[in-house]
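Examination of the molecular architecture
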Amino acid sequence: MEFGLVLGGGGARGLAHVGVWQVLEDAGLRPSVVAGTSMGGLVGAFIAAGYTGAEIERVALSVSWRRLLDLRPGPGLISGAAMNAWLGQHLPETFGGLTLPLAITATDLTTGRAVYLSQGPLAEAIRATTAYPGALSPVPLGGALLSDGGILNQIPVDAALFLGARKVVAVDVTAPDPLELTARRVRLWNREVALGQPHLGTVRALRRAVEIMQAQLTEARLSLYSPDVLLRPQLGNIDLQSFHRSTEAIRAGREAATRELPRLQAVLG
């Protein structure tokens, strides 16, 4: 059974996709098309280029993610040169050089519409889908100004269907879970509550607001475009920037796919 593999966005949480791919690969369940958003688009590009799960894990654990993807809201002036150079070392220049059809989502800031990229320069498409608002500069491409695909389409099931997938396996690594605070943060929070001035801090509050909005929008879109199997790795308090916890995220992906492997095999034949 041909199927599409759809990988959602989520920063460091998206490294769970690597573990999911390892389980699918070991079980002989190989997609005919791949679609992804943000980190899901990046991992999806490696899968579409023919990388094994073990190879992607080695790349993920060896790269300096902070150098490539600093996702802290800021002036948005981080250069894409380092990322372009890194992508050029590992991936083909265009979508046409991939082994599998790939669709990557982005958001056009000029029109406010979702954009689906499946041909042309690959590095620019990946930079666009990972351009977290306020942290990474938008990417001008074909008359559009492209930013993070997760703004409008965090889990692009529709993109896989457009590419011709008959069945869809989607992986959701959005963070809708209740906020978990560190012990230090809890102590500070309790002190602030006692003073009548509790707060999360500007950056943390902004990022949490984006996570909540994305989670709600994702649920709405999944009700319109429902995958045949939806995997949700248990990532706990691994957040957008927790690239130092890459091994944990990959393991969570493996565990999620292993739990659902009988269902995956039944649905995908």
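Think of each chain on its own: its residues are numbered from 1, step by step along the sequence as written. Local features in a predicted model are, by the rule used here, given only for residues with pLDDT of at least 70; side-chain atom pairs are given and counted only at 80 or more, and totals for whole chains, interfaces and linings are based on all residues. Hydrogens and water are ignored here; the side-chain numbers use all heavy atoms of the structure.

For the protein, an unreviewed UniProt entry supplies the name Patatin-like phospholipase family protein and the organism Deinococcus taklimakanensis.

**Some thoughts on the pattern of salt bridges**
Salt bridges are defined by distance alone: a side-chain nitrogen of Lys or Arg within 4 Å of a carboxyl oxygen of Asp or Glu. Under the counting rule described, the total for this entry stands at five salt bridges. Between Arg30 and Glu25 there is a salt bridge, with its nearest N and O atoms 4.0 Å apart. A salt bridge links Arg232 to Asp172, with the shortest nitrogen-to-oxygen separation between them at 2.7 Å. Note that Arg232 is positioned in the loop between strand E8 (229-231) and helix H10 (246-259) and Asp172 in the loop between strand E7 (167-171) and helix H8 (183-194), a separation of 60 residues in sequence. Whether a residue is buried, partly exposed or exposed follows from its accessible area with a 1.4 Å probe, protein chains only, as a fraction of its type maximum: under 20%, in between, or over 50%, in that order. Look at Arg232 and you get partly exposed, because its relative accessible area is 37%. Per the convention used, a helix needs a DSSP run of H or I reaching at least four residues, while a strand needs a run of E reaching at least two, with both numbered from the N terminus.

**Overview of helix H6 (residues 122-129)**
The buried fraction of H6 is high, at seven of eight residues. Within H6, burial applies to Leu122, Ala123, Ala125, Ile126, Arg127, Ala128 and Thr129.

**Things to note about the side chain of Ser147**
Locating Ser147 in the fold gives a position in strand E6 (residues 144-148). Residue Ser147 is classed as buried on the basis of its relative accessible area, which comes to 2%. Residues in contact with Ser147, not counting those within four places in the same chain, are Ala106, Thr107, Leu109, Ala128, Thr129, Ala131 and Pro133. By definition in these notes, contact holds between two residues if any of their heavy atoms fall within 4.5 Å.

**Things to note about helix H5 (residues 81-90)**
If you check which residues of H5 are buried, you get Met83, Trp86 and Leu87. Burial along H5 is one-sided: seen end-on, the buried residues are contained in an arc of 100 degrees. Away from the buried face of H5 by more than 90 degrees, exposed residues Gly88 and Gln89 are located. Note that the arc is defined by the directions from the helix axis to the C-beta atoms.

**Some thoughts on empty space enclosed by the protein**
A cavity here means a set of points on a 1 Å grid, drawn over the protein atoms and nothing else, where a 1.4 Å probe fits but cannot get out; a pocket is an open set with protein on both sides within 12 Å along at least five of seven lines, and a residue lines either one if it has an atom within 4 Å of a point. Grid points are joined across faces, edges and corners, and a volume is the space filled by probe spheres set on the points. In the structure shown here, the tally under the stated rule is three cavities of 30 Å³ or more. One number sums up the size of the second largest cavity: a volume of about 60 Å³. Lining the second largest cavity we find Leu15, Val18, Met39, Leu42, Val43, Phe46, Ile56, Val59, Ala60, Trp65 and Trp86. For the lining of the second largest cavity, the secondary-structure elements that each account for two or more residues are helix H2 (39-48) and helix H3 (53-62). Any residue outside Ala, Val, Leu, Ile, Met, Phe, Trp, Tyr, Cys, Pro, Asp, Glu, Lys and Arg is labelled polar, Gly included; the first ten of those are nonpolar and the last four are charged. Residue classes in the lining of the second largest cavity are distributed as 11 nonpolar, no polar and no charged.

**Structural notes on the environment of Leu117**
Here Leu117 lies in strand E4 (residues 113-117). Separated by 13 residues in sequence, Leu117 and Ile104 have C-alpha atoms that sit 5.1 Å apart. In this view, Leu117 contacts Phe95, Leu102, Ala103, Ile104, Ala106, Ala125, Leu141 and Leu146; residues no more than four positions away in its chain are not counted.

**Side note on the pairing of E6**
Most of E6 is tucked away, with four of its five residues classed as buried. The pairing of strand E3 (residues 102-108) with E6 spans three bridges and is classified as antiparallel. Directly across from Thr107, in E6, lies its bridge partner Ser147. Pairing between strands is defined by DSSP: at least two bridges between them are needed. Two strands pair when backbone bridges link them, and strand E5 (residues 139-141) and E6 are joined in this way by three bridges, in the antiparallel orientation. In the sheet register, Pro140 faces E6, and the bridge partner there is Leu145. In this structure, the hairpin formed by E5 and E6 is closed by a connection of two residues, where Gly142 is found at a positive phi of approximately 60 degrees.

**Description of the packing of aromatic side chains**
Working definition: a ring pair exists when centres of Phe, Tyr or Trp rings (six-membered ring for Trp) sit within 6.5 Å. Plane angles under 30 degrees give stacked, over 60 give edge-to-face, the rest tilted. Going through the model one piece at a time under the given rule, you end up with two aromatic pairs. When the ring of Phe46 is compared with that of Tyr51, the centres are 4.8 Å apart and the planes differ by 65 degrees; the resulting orientation is edge-to-face. Taken as a pair, Phe46 and Tyr51 share a single burial class, namely buried. Of the aromatic side chains, those joined through ring pairs into one cluster are Phe46, Tyr51 and Trp86.

**Considerations on the nonpolar core**
Leu15, Trp65, Leu102 and Ile126 are the most contacted members of the largest nonpolar core, which totals 59 residues. The element that contributes the greatest number of residues to this core is H2, accounting for seven residues. Discounting chain neighbours no more than four positions away, the residues touching Ile126 are Leu42, Ala45, Met83, Leu87, Leu91 and Ile104. In this structure, Ala103, Ile155, Ala160 and Val168 belong to the second largest nonpolar core, which totals 12 residues. Note on terminology: a nonpolar core comprises buried Ala, Val, Leu, Ile, Met, Phe, Trp, Tyr and Cys residues joined through side-chain atoms within 4.5 Å.

**Overview of the side chain of Gln154**
Along the chain, Gln154 falls in the loop between E6 and helix H7 (157-162). The class for Gln154 is buried, based on a relative accessible area of 5%. Here Gly9 takes part through its backbone oxygen, which lies 2.9 Å from a polar atom of the side chain of Gln154. By the criterion applied in these results, polar contacts are pairs of N or O atoms within 3.5 Å in which, for protein atoms, one can donate a hydrogen and the other can accept it, and in which residues neighboring in sequence qualify only through two side-chain atoms.

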